[in-house]
Each structure stands twice: as C-alpha cells, then as structure tokens.
Amino acid sequence: MARINDHYLKLAAGYLFPEIARRVKEFAQAHPQARLIRLGIGDVTLPLPNAVIEAFHRGVEELAGQKSFKGYGPEQGYGFLREAIAQNDYRARGASVEADEIFISDGSKCDTGNIQEVFSLDCRIAVADPVYPVYVDTNVMAGRTGPYDGKGRYGGILYMPCTEENGFVPELPEERADLIYLCFPNNPTGAVASRQVLKGWVEYARKNDSIILYDAAYEAFISDPSIPHSIFEIDGAREVAMEFRSFSKTAGFTGTRCAFTVIPKELAGRDAGGGRVPIHRLWMRRHTTKFNGVSYPVQVAAAAVYSPEGKAQVRRLIDAYMENARLIREGMAECGFKVFGGANAPYIWLKTPKGMGSWEFFDQLLAKANVVGTPGSGFGPAGEGYFRLSAFGQRADVEEALARINRLKGFFVPERI
Ligand code: MLT
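Residues numbered from 1 in each chain as written. Predicted model: local features only at pLDDT ≥ 70, side-chain atom pairs only at ≥ 80, totals over all residues. Heavy atoms only, no water.

A short note on empty space enclosed by the protein
Across all of its chains, the model carries one cavity of 30 Å³ or more by this definition. The calculated volume of the largest cavity comes to roughly 30 Å³. Ala128, Pro130, Val131, Tyr132, Tyr135, Tyr181, Leu182, Cys183, Asn186 and Asn187 together form the lining of the largest cavity. If one sorts the elements of the lining of the largest cavity by residue count, strand 5 (residues 179-183) sits on top with three residues. In terms of residue class, the lining of the largest cavity is made up of eight nonpolar, two polar and no charged. (1 Å grid on protein atoms, 1.4 Å probe; cavity = no way out; pocket = protein on both sides within 12 Å on 5 of 7 lines; lining within 4 Å. Points joined across faces, edges and corners; volume = space filled by probe spheres on them. Helix = DSSP H or I, 4+ residues; strand = E, 2+ residues; numbered from the N terminus. Nonpolar A, V, L, I, M, F, W, Y, C, P; charged D, E, K, R; others polar.)

Quick look at the site of the ligand
Every residue close to the ligand is listed here: Phe17, Ile41, Gly42, Tyr132, Asn187, Tyr218, Lys249, Tyr347 and Arg388. For the ligand, an oxygen atom lies 2.6 Å from a polar atom in the backbone of Gly42. Contact between the ligand and Asn187: an oxygen atom at 2.8 Å from a side-chain N or O atom of the residue. Taken by itself the ligand offers 270 Å² of open surface, and the protein chains cover 85% of this. Class assignment for the residues of the shell around the ligand results in five nonpolar, two polar and two charged. When residues of the shell around the ligand are assigned to domains, at least three fall in each of domain 1 (11-47 + 311-416) and domain 2 (51-308). (Near = heavy atom within 4 Å. Polar contact = N/O pair within 3.5 Å; in protein donor to acceptor, adjacent residues only side chain to side chain. Areas by Shrake-Rupley, 256 points an atom, 1.4 Å probe, with all protein chains shown as cover. Domains from an automatic or database assignment.)

Section: the domain arrangement of the protein
One frequently used descriptor of interface size is the decrease in accessible area upon assembly of the parts. For the protein, the assigned domains read domain 1 (11-47 + 311-416) and domain 2 (51-308). Taking only C-alpha atoms, the centre of domain 1 and the centre of domain 2 are 26 Å apart. With 36 residues of domain 1 in contact, the opposing surface of domain 2 contributes 43 residues. In total, domain 1 and domain 2 occlude about 3100 Å² of area from one another, counting both sides; carbon and sulfur atoms represent 60% of this. Among the residues domain 1 hides against domain 2, the three largest losses belong to Leu11, Lys311 and Asn344. Together they make up 22% of the total. Taken together, the connections running from domain 1 to domain 2 amount to two salt bridges. Notably, a salt bridge pairs Glu164 with Lys338, separated by 2.9 Å at the nearest N-O pair. There are 18 residue pairs in polar contact (both at pLDDT 80 or more) connecting domain 1 and domain 2. (Contact = heavy atoms within 4.5 Å. Buried area = accessible area lost by both parts, 1.4 Å probe. Salt bridge = Lys/Arg side-chain N within 4 Å of Asp/Glu carboxyl O.)

Looking at the packing of aromatic side chains
Per the counting criterion, the structure on display carries 27 aromatic pairs. Here the aromatic rings of Phe247 and Phe253 are separated by 5.7 Å at their centres, their planes lie at 45°, and the arrangement is tilted. Neither residue differs from the other here; Phe247 and Phe253 are each classed as buried. Here the aromatic residues Phe17, Phe168, Phe340, Trp349, Phe379 and Tyr386 are joined through ring pairs into a cluster of three or more. If you follow Arg23 out to its NZ or CZ, it ends over the ring of Trp359, 3.9 Å from the centre. The ring of Tyr296 carries Lys70 above its face, with NZ or CZ at 4.6 Å from the centroid. (Phe/Tyr/Trp six-rings, centres within 6.5 Å; stacked < 30°, edge-to-face > 60°. Buried < 20%, exposed > 50% of the residue type's maximum accessible area, 1.4 Å probe, protein only. Lys NZ or Arg CZ within 6 Å of the ring centre and 35° of its normal.)

Some words on helix 9 (residues 296-303)
Of all eight residues in helix 9, eight are buried, a share of seventy percent or more. Inspection of helix 9 places Tyr296, Pro297, Val298, Gln299, Val300, Ala301, Ala302 and Ala303 among the buried residues, and these make up the whole buried set.

Digging into the sheet that holds strand 5
Across the sheet, which stays open at both edges, the seven strands sit in the order 2-8-7-6-5-3-4 with mixed pairing between neighbours. Only two strands of the sheet have a single partner each, and these edge strands are strand 2 (102-105) and strand 4 (158-161). Averaged over all pairs of adjacent strands, the angle between strand axes in this sheet comes to 20°, irrespective of strand direction. In the sheet, strand 5 pairs with strand 6 (residues 211-215) via five bridges, with the strands oriented parallel. (Pairing = 2+ DSSP bridges. Axes fitted to C-alpha atoms, helices over the stretch in contact; angles between N-to-C directions.)

Re the packing of helix 1 (residues 16-30) against helix 11 (residues 358-369)
It is the contact of helix 1 with helix 11, at a shortest axis distance of 11 Å, that shows an interaxial angle of 35°. Once helix 1 is placed against helix 11, the crossing between them reads as right-handed. Within the contact between the two elements, helix 1 uses Leu16, Glu19, Ile20, Arg23, Val24 and Phe27 and helix 11 uses Trp359, Phe362, Asp363, Leu366 and Ala367. Residue composition of the contact of helix 1 with helix 11, by class: eight nonpolar, no polar and three charged. (Left-handed = near helix turned anticlockwise from the far one by under 90°.)

Structure representation (structure tokens):
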C-alpha cells in the first residue's frame, strides 16, 4: 500500500462548509416541509451582470471561429484582463501595480491555499482567530504545523485572537512570524482595517522580515472612503506583501470562477544560503507548472466588470447585498442580539444568546426558524459564542428569515445580552 501524507490525519474535522451542508441535508430529509433559508456559506444569489453575460457570449463566439479560436492561453492570464485590473483596481487608487505582477486564477480559495507551497516548511505562520479555515488547513496539510490540540488549534501556529475588546482586528504580535495571513474586510467577523492599522502591519513586516498574505476578496464591499481597499495603498507594502482578490463576491463569479493574486517584483524570501529570491519568480514557476489558466470566455467576462456598464451593474449588485447586510444588522439588533460587521463587509457577526455554544445556536436556529447560518467556532476557538450570517441571500429571503427570528426572539433573547 502507498504511504499517505500523515499530515492530513491531523486535520481536526471535515471542512466547515461541507459539514454545515451535511447537517442541513439531514435536517431537510427529516423535515421535508420546512422551507430553509440559507444565510450560511457566502455564496452569491443574484445573476451575473448583463455586461458580463454579453462579454461571456462574445468570448464563446470567438471560440467558434477558425481565426478567433483559442487553445491554451497564457497560464498567468491574458494581458487584456491583467491590464484592466492594474489600471482599475490599483493605479486608479494610487497604488502602483503592474500588469505582469498579476496572476489570474480560478479562485482565491485556491490561491490562498496554494501560496504556502513556495515557502519552507519551517516558516512560522500567524493567523487571526477566528479565521477563514483555508489558511490553516492548507498549512496543516503541508506539514507546517504540529498536532491538533483538541480545542481548535494546531501546534506551531501563532494565533492572534480577534475579540470584541480589540474590535476583531488582530494586534501586532510580540513574537516574530514569517508569514502573516490578514483578511480585510474580514471573513468571518466583517471587521475592517483602517489605514493606521495596515501601516502598523507593514511596519511590523518590514522590521521582522515577514511577508503579509493579504486577502482582499471583499474589498468591493467597503463604503467608508477612509478604509484602504488594498495593502498596496500603504507605502512600503510592495516589499513585504502580496494580495489576493476575486471576482466571486464582487461580480457574482462564485460558480464562474475567476480571481487573481498580485505579487510585486520587490517581494522576496531567502534561500538556504541566505540569498534573496523573488517570490514572483517562484509563483510564476508554480503557476505555469500546475495550472493551465482560466478559460478565455471567463477572462473576457471578467474584463467586462471594468467597462462603464460593468462597473455600474456591479455597483448595483454590491448595493443590493449591502442593503441585505443593513437589514440583517438592524433586524438582529432589534431582536436584542449584539451584532458586529455588516457595514463595510457582507458578513454579520453576532454574539450567540444566553451563552449558547455556536453549534448549539446553529442547531436551534435551523430547527426553530429553519434558517442556516455559520457557527463562529468553525472559524477557530475565539469564534465560540459567535455566529455568522451572510448577506448574499435574496432580499425576500433575508426579510423572511428576520421575520421568523423576530417571532422567536422571546425564545432566543429573553433579555438584552
Ligand atoms: C465563506 O462563506 O466563508 C466563503 O464562501 C468561503 C469561500 O469564499 O471560499
């Protein structure tokens, strides 16, 4: 028998969202009459914008013509899309990013999960707690951590607790980390990082020779003009950070698949002899070896997000989800829940009532209101006692879910928490 990768056996449980899906399926089978409302996984529900659909069709048509047909494309993405990103997402905000520093991919989940491959196994990683589980699980799989402690943590990882006291924004650690995963606007808490906070992180990374892995998949949901959308809006970030972005939540691409990673040419690690090695070169090698690019029509469709019509239509999508976020935030607060996030992010983070555990609240909400959310403890031990609701549902469903919870508020929240 072939020897397996033992590190997989360290993984504490199934991946969070399939586990939720399993419980929901079980409930639905036992209660076929229940109309479930899903505000769990952050999956979009509104159709792709027209400008995107038209471009998608054009891309497909080109594949039907002998002259315009395309086979393999460049693994790192077509120039037209990389240039549109560099211009619209970065230069337009005063951040200097070149098209050839952008790697198009099929998702930020894959990119944030795969990036650890180009770093040594003895790199120390720092993550927020609670955290998007992909960052941790992929490092466990690679063998960069010690065993699971049975309480939600793995040995060797530097966890940075995010609590009500620190506004769910991790504090600069006293210890040194090689790789720091940051996600703003944050999944799961909906917290955002001010310019000052990001400056602090860039300074920390410069001082400690660390690399920041900045996940900005939700940047489009920022409405406060003082909040940076990119780590590259901060001076000095190009030498110490890379950034992950996605069309998934911004433009409804969760099923269509398109994202990108920005790796500045200045960003470097060191080899065994202490020599400086650009990360761009390593990621280029990895990407071109293990990936054959996003399909041409999808890249044409993604580029349409930056057309004037595309921008306006994407804006309307985001506004619709952020209106849901407002309804959830205000509706849950009216029911007596203590709520966070949801102002510059599509996630609402709430404190579970009566000191209930996160999974207990998940089960109660499912059983009593037939509403699906995400237990905070699924994102790490500091998420215990919290619960995440996603604003990506349809408005009528959001309203119905809130009405159901409101009718049950005596059960959930007998008095203010
Ligand atoms: C979430 O619900 O946290 C997201 O949908 C996960 C993801 O984007 O992979």
